[in-house]
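# Geometric and topological summary
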Amino acid sequence: ILLEKSPAVELPIKFIPKYAGRYCCQILLKSSCDVRVYMVECIVNTDRAEAELEFLCPAYQEVIQDIPISNMTHQAWKLEAVLEGRSFYGPPVLYVGPGETVPYRLMFKPIAER
């Protein structure tokens, strides 16, 4: 039996995820003599994401801000906070479960008070 290789056909796929997570899909290819189903799974990881926050507050007054952190993925997040600048305080680590929104409590306590 002589088997001939059929010519390869490229099927370009463009995938632009908005969030980290697991993305699954099926690709169905049909012809007059063949049906094929390809299962495609893409796992998107964010090795490092950074966010910057800037806010204004009255001089010499303590300010507490609860910042909502929403995890719209299917995986739990362990976030590490790095606070720069004097007089800022907050938890160094925050855990946010899948589908949860957890507040990050950021505090500014000035050194000198009125």
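Quick note: structure is the one above.
Residues numbered from 1 in each chain as written. Predicted model: local features only at pLDDT ≥ 70, side-chain atom pairs only at ≥ 80, totals over all residues. Heavy atoms only, no water.

### A short note on the packing of aromatic side chains
As a reminder, the rule being used: Centre distance within 6.5 Å is the pairing criterion for rings of Phe, Tyr and Trp, where only the six-membered ring of Trp is used; planes under 30 degrees apart are then read as stacked, over 60 as edge-to-face, and the remainder as tilted. Burial classes follow relative accessibility: with a 1.4 Å probe on protein chains only, a residue under 20% of its type's maximum area counts as buried, one over 50% as exposed, and anything between as partly exposed. Comment: elements are numbered from the N terminus, with helices defined as DSSP H or I runs of at least four residues and strands as E runs of at least two.
Within the structure shown, the criterion is met by two aromatic pairs. Centroid distance Phe15 to Tyr23: 5.2 Å. Interplanar angle 70°. Geometry classified as edge-to-face. On the accessibility criterion, Phe15 (38% relative accessible area) is partly exposed. Residue Tyr23 is classed as partly exposed on the basis of its relative accessible area, which comes to 26%. Here Phe88 and Phe108 contribute two aromatic rings whose centre-to-centre distance is 5.0 Å and whose plane-to-plane angle is 50°, an arrangement assigned as tilted. Of this pair, Phe88 sits in strand 5 (residues 88–89) while Phe108 sits in strand 7 (residues 101–108); the two residues are 20 residues apart in sequence, bridging distant segments of the chain. Under the relative-accessibility criterion, Phe88 is labelled partly exposed at 27%.

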